[in-house]
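Spelled out from the first residue to the last, the chains are:
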Amino acid sequence: MLVACLLVPRFALACELADRPERVRRASALAVADRRVVLEASPSAARLGVRPGQRLAQALAHCPHLVVLEARPAAYERRFGALLDAMERIAPLVEPGPLGVAYADLRGLAPLFPRLDALAQALLACAPASFGARLGIGPGKFPAWVAARRARSGHSCVLTQETVVTWLAPASVDLLPVAADIKRRLRLLGLNTLGDLVTLPRAALAAQFGPIGTRIYELAQGHDDDPVRPRPKAETIAVRASFDAPVASREAVMMAFERLLDQALRAMAQRQRAAGQALLRAATERGALWERVLTFKEALSDRARLWAAIKLALEQAAIPGPVAELGLELVALTPCVGRQETLWLSSETRQRERLWEALRQLKARYGACPLGRVVEVEPWSRIPERRAAILAFEP
Amino acid sequence: MVEDSGAQGSHPRLRALNQPQPVRVEADAEGRPLAVVLRSRRRRVAGVQETWRVEEEWWRERAVSRQYWRLVLEDGQVVTVFEDLVEGGWWRQRV
């Protein structure tokens, strides 16, 4: 089994570099932090003692001029998802690892890519050049990952079945995908490299560590039969909205979400689906993200029930600043289950249906509905044009 | 290259209401309006009802700095205009 591992070291920092180049390039030492804990540190910051997992106060004590960026996990996930999509256009079986690591099963690709280096180049091109991605190819996920770690930025490293054992031999046992306690015990036994493990009989490792010992032995030999498990494909409906000027009013944010829900429900009705989950997302003008996943007890297609859940989440939301962009995704879609509707419509419902029909006809005639809904945005603002806005009305 | 993954869906917008409209204003050296041109007709300023300054959003790249004037014109009409102190120019707006 030939497997490729695409590795983007310090993925979050790479994303920040791509999204906020002016801020990131100026910084001599940089860290991405979430909840006062360092997630990733630039090489220059790492040289000054800043480490992932360190408390921010501690990191700033090591490096007072450290520039700290607030982590945007959703943005990183989105970029990583796009990277996986790009890889799937080349190799059909792609497995996401931790953020910035992806495996691809290369079996069956020889007719498309007769030369392995052309395939390697195509996979490397799945990540933007600024990401400095590395590619490892080997006879399993573990050797491919180790090869990717050793490859130079923007280059690939290929291990064959014949060379893999000698190539892995100098690698540290710390690279093994086993619990920290096992690694500590290996070190206590004087087994510091994978080469040390290869010299031992398989039975000795099995006797010491049980089934994990056998796996360690196989990995040191460059055998990794763990298959590439492609990510499950989820059908989603995603809609987004943006504001001309960032909005601080919760009412305006809720109105916009209501409008997005209507838009998403139209797409969902066309596909005759019901949603099991809703993902709400709000991005502030500074790029901070608020996200909330709502999981419903049963798949919903009913607007009133969906809105009730979303509204409640928005009322309780602590959005970290004026909102510039909103997103709503309906996921875990399932076929619609029939629901019993009432036979007799109230006069109010009939009136509303007539009104909506008139609006639909207006839309059909003019291409877009010429009506808008006036919403208060920042009624307290001293800038008159910020006080209210027109939200396009979609029948 | 990585493409934008959020491909689905359109981008509805909130359109601001009461956007300022450009207006021609003649002012003295100190920036006090002397005349306003409305519908191609010059109208002299008969009096100033009120003037105030709006300094907002100085933390953003495009700060807002405006000097507002509520003016009574020679024909009795009351208009509110402001001078954009960041980018220059005069604007009319309902307040």
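Since the structure is predicted, the reported quantities are computational estimates derived from the model, not experimental observations. Numbering of residues starts from 1 in each chain and follows the order in which that chain's sequence is written. Each chain is given a letter, starting from A, and each ligand a number, starting from 1, according to the order in which they appear as written. It should be noted that, the model being predicted, local features are given only for residues of pLDDT at least 70 and side-chain atom pairs only at 80 or more, the latter also being counted only at that level, while totals for whole chains, interfaces and linings use all residues. Derived side-chain values reflect all non-hydrogen atoms in the structure, with water molecules and hydrogen atoms excluded from consideration.

## Considering the overall build of chain B
Right, on to step 1. Only runs of H or I of at least four residues qualify as helices and only runs of E of at least two qualify as strands under DSSP, and these elements are numbered from the N terminus. The number of helices and strands found in chain B is 0 helices and 8 strands.
Right, on to step 2. When the elements of chain B are put in sequence order from the N terminus, they spell out β-β-β-β-β-β-β-β.
Right, on to step 3. Think of it in three bands: with a 1.4 Å probe and only protein chains considered, a residue is buried below 20% of the maximum accessible area for its type, exposed above 50%, and partly exposed in between. Burial statistics for chain B: of 95 residues in total, 37% are counted as buried.
Right, on to step 4. Sequence separation of 24 or more characterises 36% of the internal contacts of chain B that already satisfy a separation of 6 or more.
Right, on to step 5. For chain B, the accessible surface area stands at approximately 6,200 Å², while carbon and sulfur atoms represent 46% of it. Pairs of residues are marked as contacts when any of their non-hydrogen atoms sit within 4.5 Å. For the accessible areas, the method is Shrake-Rupley and the probe is 1.4 Å, while residue cover comes only from the protein chains on display.

## Here we look at the packing of aromatic side chains
The relative placement of two aromatic rings is captured by the distance of their centres and the angle of their planes.
Right, on to step 1. Only rings of Phe, Tyr and Trp enter the pairing, Trp through its six-membered ring, and a pair is recorded when the two centres are within 6.5 Å. The plane angle decides the type: under 30 degrees is stacked, over 60 is edge-to-face, the rest tilted. One pass over the structure, following the stated rule, counts 6 aromatic pairs over all chains.
Right, on to step 2. Ring plane angle 90 degrees and centroid distance 5.6 Å describe the contact between A:Phe11 and A:Phe131, whose orientation is recorded as edge-to-face. Residue A:Phe11 is located in helix H1 (residues 11-19), and its partner A:Phe131 is located in the loop between helix H6 (116-124) and strand S7 (134-138); the two are separated by 120 residues in the primary sequence. A:Phe131 matches A:Phe11 in its accessibility class, with the two residues each being buried.
Right, on to step 3. Seen in terms of ring centroids, B:Trp58 and B:Trp59 are 5.3 Å apart; in terms of plane orientation they differ by 90 degrees. Their pairing is edge-to-face.
Right, on to step 4. Owing to a relative accessible area of 67%, B:Trp58 belongs among the exposed residues under this scheme.
Right, on to step 5. Taken together, the ring pairs connect A:Phe11, A:Phe80 and A:Phe131 into an aromatic cluster.
Right, on to step 6. Between A:Lys141 and the ring centre of A:Tyr103, over which it is positioned, the NZ or CZ distance is 5.5 Å.
Right, on to step 7. We note A:Arg150 situated over the ring of A:Trp167; from NZ or CZ to the ring centre the distance is 4.4 Å. Charge-over-ring placement is defined geometrically: NZ (Lys) or CZ (Arg) within 6 Å of the ring centre, and within 35 degrees of the ring normal.

## Considerations on the packing of H1(A) against helix H5 (residues 73-88) of chain A
Residues and elements named next belong to chain A.
Right, on to step 1. Running from N to C, H1 and H5 cross one another at 95 degrees; their axes reach a closest spacing of 10 Å. Between H1 and H5, the interaxial angle falls into the category roughly perpendicular. Along the contact surface, H1 presents Phe 11, Ala 12, Cys 15, Glu 16, Ala 18 and Asp 19, while H5 presents Tyr 76, Arg 79, Phe 80 and Leu 83.
Right, on to step 2. Under the scheme applied, nonpolar residues are Ala, Val, Leu, Ile, Met, Phe, Trp, Tyr, Cys and Pro; charged residues are Asp, Glu, Lys and Arg; polar residues are all the others, including Gly. When its residues are assigned to classes, the contact of H1 with H5 shows 7 nonpolar, no polar and 3 charged. Only the stretch in contact is used when a helix axis is fitted, and all axes are lines through C-alpha atoms; the angle between N-to-C directions ranges over 0 to 180 degrees. Here the angle decides the label: under 35 degrees means roughly parallel, over 145 means roughly antiparallel, 65 to 115 means roughly perpendicular, and every other value means oblique.

## Comments concerning the sheet that holds strand S1 (residues 3-7) of chain A
Residue and element names in this part refer to chain A.
Right, on to step 1. Pairing between strands is defined by DSSP: at least two bridges between the two strands are required. Across the sheet, which stays open at both edges, the 5 strands sit in the order S5-S6-S1-S7-S8 with mixed pairing between neighbours. With one partner strand each, in any of the chains shown, strand S5 (94-96) and strand S8 (156-158) form the two edges of the open sheet. With direction set aside, neighbouring strand axes in the sheet form an average angle of 20 degrees.
Right, on to step 2. Its contacts with the sheet put H6 on S1, S7 and S8, and the angle it makes with S7 is roughly 140 degrees.

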